[in-house]
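Structural features, examined
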Amino acid sequence: MSELFAFGMGVATVNAAGEPLDIWFPAPLKPVDAAAEAAIAGAVGEFGAGRRVGSVRGDAAAALAAEIEAAGGAPAAHQMLAELDCPLVAVALEADAPIRSTAEAYLKLHLLSHRLARPNTLNLDGLFEHMPTVAWTSAGPIDPQELPRRIAAARASGAPLTVHGVDKFPRMTDYVVPSGVRIADASRVRLGAYLGDGTTVMHEGFLNFNAGALGPNMVEGRVSQGVVLGANTDLGGSASTMGTLSGGGQIVISIGERCLIGANAGCGIPLGDRCTIEAGLYITAGAVVQVLDEAGAVVRTVKARELAGQSDMLFIRHSGSGAVQCRTNRAAIALNPKLHVHN
Amino acid sequence: MSELFAFGMGVATVNAAGEPLDIWFPAPLKPVDAAAEAAIAGAVGEFGAGRRVGSVRGDAAAALAAEIEAAGGAPAAHQMLAELDCPLVAVALEADAPIRSTAEAYLKLHLLSHRLARPNTLNLDGLFEHMPTVAWTSAGPIDPQELPRRIAAARASGAPLTVHGVDKFPRMTDYVVPSGVRIADASRVRLGAYLGDGTTVMHEGFLNFNAGALGPNMVEGRVSQGVVLGANTDLGGSASTMGTLSGGGQIVISIGERCLIGANAGCGIPLGDRCTIEAGLYITAGAVVQVLDEAGAVVRTVKARELAGQSDMLFIRHSGSGAVQCRTNRAAIALNPKLHVHN
Amino acid sequence: MSELFAFGMGVATVNAAGEPLDIWFPAPLKPVDAAAEAAIAGAVGEFGAGRRVGSVRGDAAAALAAEIEAAGGAPAAHQMLAELDCPLVAVALEADAPIRSTAEAYLKLHLLSHRLARPNTLNLDGLFEHMPTVAWTSAGPIDPQELPRRIAAARASGAPLTVHGVDKFPRMTDYVVPSGVRIADASRVRLGAYLGDGTTVMHEGFLNFNAGALGPNMVEGRVSQGVVLGANTDLGGSASTMGTLSGGGQIVISIGERCLIGANAGCGIPLGDRCTIEAGLYITAGAVVQVLDEAGAVVRTVKARELAGQSDMLFIRHSGSGAVQCRTNRAAIALNPKLHVHN
């Protein structure tokens with residue numbers, strides 16, 4: 001392995017002032033093979049002292065692509081770039097330092113979605129500041145300042161623009177479609193989400209950047225920034241996982257393997273494996289929970305946060321007394337195998 | 001009527017290997033008029049012994065279209081196909097047998113969305129296996145294997161692709177828009193959904209394939225696979241109906257006429273007519289419910305599944321005791337007539 | 001100021017019969033400057049007695065645009081229109097009267113989204129009747145009657161149509177992107193929504209027409225028609241605000257400043273400032289609520305509607321007794337400042 005933390009070569013969309021709106025990295029590298037690093041070193045030497053990001057043009061891009069290919073890195077993808085006949089952006093990160101540019105921000109989001117880094121393992125300081133707000137349209141990324149004129153021109157041409165969003169983060173699938181996943185409504189998975197093999201995101205599912213479903217998973221609810229679902233866990237329709245960015249607390253939520261968070265339920269504490277929250281019940285960290293023994297007797301009463309990270313819990317609200325209760329979970333979750341076939 | 005169960009003539013999108021990604025059937029036939037069957041028999045004779053699916057080209061397609069028209073079947077639609085000047089796919093089903101091909105799968109989904117078959121009346125065995133996973137893009141259906149190269153080419157041409165989903169099922173409205181419906185966000189209604197006349201699906205509404213709203217309905221919640229809503233029933237925002245594919249049980253849910261499932265509520269049992277579930281309450285099959293008489297006295301306590309299919313029930317969670325209760329429902333639901341005007 | 005209530009000049013998409021499907025007004029005027037009014041009067045004089053809507057062509061459009069510019073009104077936008085070289089629609093409203101045409105309907109929706117009128121301040125009588133149902137597609141607005149033929153033609157050309165919705169109301173961002181907002185999934189904000197500066201609408205957020213977030217706000221839930229959120233209020237994921245169109249009551253809901261409606265919660269009464277509803281709790285107007293004093297003792301029991309409009313309330317469902325309770329709210333909501341940076 002090399003001294004480089006990560007490398008990417010990609011294509012940017014720019015606004016009228018030449019500022020990048022987005023960058024597509026078809027085959028980022030992490031870790032970076034030592035042979036590839038030697039090829040990269042020459043290109044990076046041209047960027048200027050201390051710079052991580054540079055432009056690579058024409059023959060130099062083709063040569064770099066060929067050298068990386070020769071070193072074993074993602075040949076088809078780099079061949080594609082060399083054929084594009086447009087200036088390329090190269091980013092070489094020596095360390096996982098705070099983000100200083102739009103190109104670095106996009107590279108890190110690609111690393112997550114390409115499964116080269118798991119959520120909560122990358123330094124994302126500076127991310128928001130370096131993600132420009134972009135109008136994501138049927139004609140590609142557009143600077144919001146330039147949008148009215150583009151709308152007018154498109155109408156005049158008889159092909160009106162559709163604006164799919166005005167946001168810092170694009171949808172993942174316009175940049176990366178990981179193997180073995182299905183995503184019913186791609187507008188609900190941001191670039192920077194981590195989707196493991198065998199994961200299905202239904203229409204109501206959502207994954208933020210730096211959020212993950214390690215796979216296989218059935219995701220019909222919302223995976224907030226920082227939240228990770230373990231294998232064979234099922235997040236029901238409209239189920240909520242409490243994030244830390246807005247409205248939530250300071251605890252980063254993770255949910256273990258073989259859990260079932262019911263439809264319209266919510267989870268405000270980390271869970272271990274084989275846990276269930278019944279449909280419609282929201283477990284906040286401060287909820288007072290009756291813990292029952294196997295005979296169904298209340299053995300203690302605790303705040304939910306004291307149960308954080310434990311396995312084999314079943315949470316319900318007793319339909320007679322209205323009390324939130326935690327029992328030992330004995331129900332197995334069998335994901336329907338047909339839903340997980342990918343052909 | 002004829003011996004044929006159903007017939008469709010349509011246009012396929014294919015991948016680089018010539019395999020179908022989708023098929024659009026503008027005017028499927030079920031039942032098949034005996035005169036049309038005679039016209040079809042000749043074409044089907046060419047398919048080969050035992051085959052249900054074949055290709056029809058050029059003059060043969062035009063002749064078949066003309067003969068079906070002469071027999072009274074959907075003239076405008078078949079005229080359109082004949083004018084397309086491309087190979088057509090014809091599917092002739094002698095019986096409602098298990099699905100053996102992508103063309104058959106798409107034909108059956110079209111039958112549902114064209115209101116030629118109600119949910120739960122078709123044999124859908126083999127459906128998942130024969131629906132390829134497709135990238136649904138602004139440039140049409142693309143094989144996920146071919147996507148990176150198409151993304152590169154689109155970027156080079158200055159018109160980046162938008163990938164709307166990567167899924168087995170496409171959105172219905174790209175194939176069928178039934179009369180008298182409004183669908184605010186078409187990404188949330190799958191091909192194979194059944195929408196009756198006068199149905200409005202708001203932004204939060206969702207209908208899976210083989211799910212239905214018989215109409216008129218206001219759908220602001222999720223209609224899971226196999227679930228059917230009766231006339232004048234209102235499914236509130238984010239309301240959940242429990243399905244059988246994932247996370248749900250084995251009972252197929254149907255909801256009768258003039259019901260109101262409140263916002264953020266959920267339903268895990270079949271309901272008769274004129275039932276209400278209050279906003280925010282999830283009735284699972286296993287919930288213990290106090291049944292009240294007209295005087296408000298608890299007359300018995302049952303599991304919700306014992307109430308399955310009954311009419312005139314009002315479910316609430318008592319806001320003082322926290323108990324789930326079932327009362328006789330006397331509130332009428334008046335859908336706002338202006339919301340149901342289609343002009 | 002002038003006698004005119006509002007004025008707009010825009011571009012329509014029309015169906016095969018020449019009827020308008022939508023109208024884009026890039027820079028509507030309200031109030032109308034007296035100098036601009038003089039310029040407009042001449043054009044309006046051509047419409048015919050009593051008519052509010054007319055067509056302006058060629059040199060007349062350019063002259064009117066120039067005169068409005070000279071009067072100080074939105075020069076860039078009108079210059080754009082003059083350059084479009086297509087017939088323009090002009091609407092001059094003398095008063096805020098009931099809507100009599102599609103052009104007037106679209107102008108009023110634009111006034112809301114351009115922040116020229118707040119929700120619930122415009123006369124929207126006649127709105128539904130004058131909004132045609134349109135197929136909103138990747139090729140622009142299409143009359144649903146004309147859709148099958150357009151789908152066929154698009155397939156034949158190798159670029160299949162995507163139908164984003166079939167609805168009376170288009171998405172706002174195809175017409176107006178107000179300054180300082182982010183909208184993650186534009187399909188969930190209708191034209192006619194009012195989004196104040198600093199508002200972020202996440203993927204699960206929704207704003208209907210004549211609904212507002214005065215800004216800054218974090219909107220991850222549904223703002224129903226007529227509902228308005230005050231500054232610094234946070235609407236959690238899938239949170240519901242009860243509307244008056246369907247399924248809701250007759251009370252128009254407003255939510256004051258610095259409120260927090262938790263994820264999967266719901267609000268069926270107007271709230272003052274600094275109120276919180278805990279995640280997962282739906283407060284309907286008829287819910288019986290225990291009101292607690294600062295010592296935690298129940299001081300009275302009321303229906304939630306009796307608390308309408310009060311400030312500093314914290315609503316929870318007691319996790320032991322299941323009772324819905326209202327306490328004095330002391331928790332401050334600190335919106336994450338990085339989420340509100342717009343660069």
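I will try to describe carefully the structure that is included in this document.

1. Side note on the packing of aromatic side chains
On inspection of all chains with the given rule, the structure shows 12 aromatic pairs over all chains. Ring centres of F128 of chain A and F209 of chain A lie 6.0 Å apart, and the angle between their planes is 70 degrees; on these two criteria the pair is classed as edge-to-face. Placement of F128 of chain A in helix α5 (residues 127-130) and of F209 of chain A in the loop between β11 (206-207) and β12 (212-213) is noted, with a sequence separation of 81 residues between them. An identical accessibility class is assigned to F128 of chain A and F209 of chain A; each is buried. Arranged with centres 6.2 Å apart and planes meeting at 45 degrees, the rings of Y106 of chain C and Y175 of chain C form a pair that is tilted. With Y106 of chain C in helix α4 (residues 102-113) and Y175 of chain C in the loop between β7 (163-167) and β8 (182-183), the pair connects residues that are 69 residues apart, well separated along the chain. Judged on exposure class, the residue Y106 of chain C and its partner Y175 of chain C are both buried. Three or more aromatic residues link up through ring pairs in this structure, and these residues are F128, F169 and F209 of chain A.

2. A few points about the environment of E204 of chain B
Residue placement: E204 of chain B occurs in the loop between β10 (200-201) and β11 (206-207). Look at E204 of chain B and you get buried, because its relative accessible area is 3%. Between the C-alpha atoms of E204 of chain B and G236 of chain B, which are 32 residues apart in sequence, the distance is 8.9 Å. Excluding anything up to four places from it in sequence, E204 of chain B contacts E204 and S238 of chain A, R188, E220, G221, G237 and S238 of chain B together with R188, E204 and R222 of chain C.

3. Things to note about the packing of helix α1 (residues 34-45) of chain C against helix α2 (residues 58-70) of chain C
Residue and element names in this part refer to chain C. Two elements in contact, α1 and α2, have axes whose closest approach is 8 Å; the angle formed by their N-to-C orientations is 160 degrees. Judged by the angle between their axes, α1 and α2 are roughly antiparallel. As α1 runs across α2, the sense of the crossing is left-handed. Contacts from A39, I40 and A43 of α1 reach α2 at L64, E67 and I68. The residue makeup of the contact of α1 with α2, split by class, is five nonpolar, no polar and one charged.

4. Focus on the environment of A38 of chain C
Residue and element names in this part refer to chain C. Tracing the backbone through its elements, the reader meets A38 in helix α1. According to the relative accessible area criterion, A38 is exposed, its value standing at 56%. For the pair A38 and A62, spaced 24 residues apart in sequence, the C-alpha to C-alpha distance is 15 Å.

5. With respect to the interface of chain B and chain C
In this complex, chain B contributes 50 residues to the contact, which on the side of chain C involves 46 residues. For the chain B and chain C pair, buried surface summed over both sides reaches about 3,800 Å², with 50% attributable to carbon and sulfur atoms. For the interface between chain B and chain C, the tally reads three salt bridges. A salt bridge links R188 of chain C to E204 of chain B; the nearest nitrogen and oxygen atoms lie 2.5 Å apart. One can count 19 residue pairs in polar contact (both at pLDDT 80 or more) joining chain B with chain C. Listed by contribution, the elements that provide at least two residues to the side of chain B that touches chain C are β1 (6-14), β2 (20-24), α3 (75-83), β6 (140-142) and β8 (182-183) of chain B.

Calculation criteria
- Residues numbered from 1 in each chain as written.
- Chains lettered and ligands numbered in written order.
- Predicted model: local features only at pLDDT ≥ 70, side-chain atom pairs only at ≥ 80, totals over all residues.
- Heavy atoms only, no water.
- Phe/Tyr/Trp six-rings, centres within 6.5 Å; stacked < 30°, edge-to-face > 60°.
- Helix = DSSP H or I, 4+ residues; strand = E, 2+ residues; numbered from the N terminus.
- Buried < 20%, exposed > 50% of the residue type's maximum accessible area, 1.4 Å probe, protein only.
- Contact = heavy atoms within 4.5 Å.
- Axes fitted to C-alpha atoms, helices over the stretch in contact; angles between N-to-C directions.
- Parallel < 35°, antiparallel > 145°, perpendicular 65-115°, else oblique.
- Left-handed = near helix turned anticlockwise from the far one by under 90°.
- Nonpolar A, V, L, I, M, F, W, Y, C, P; charged D, E, K, R; others polar.
- Buried area = accessible area lost by both parts, 1.4 Å probe.
- Salt bridge = Lys/Arg side-chain N within 4 Å of Asp/Glu carboxyl O.
- Polar contact = N/O pair within 3.5 Å; in protein donor to acceptor, adjacent residues only side chain to side chain.

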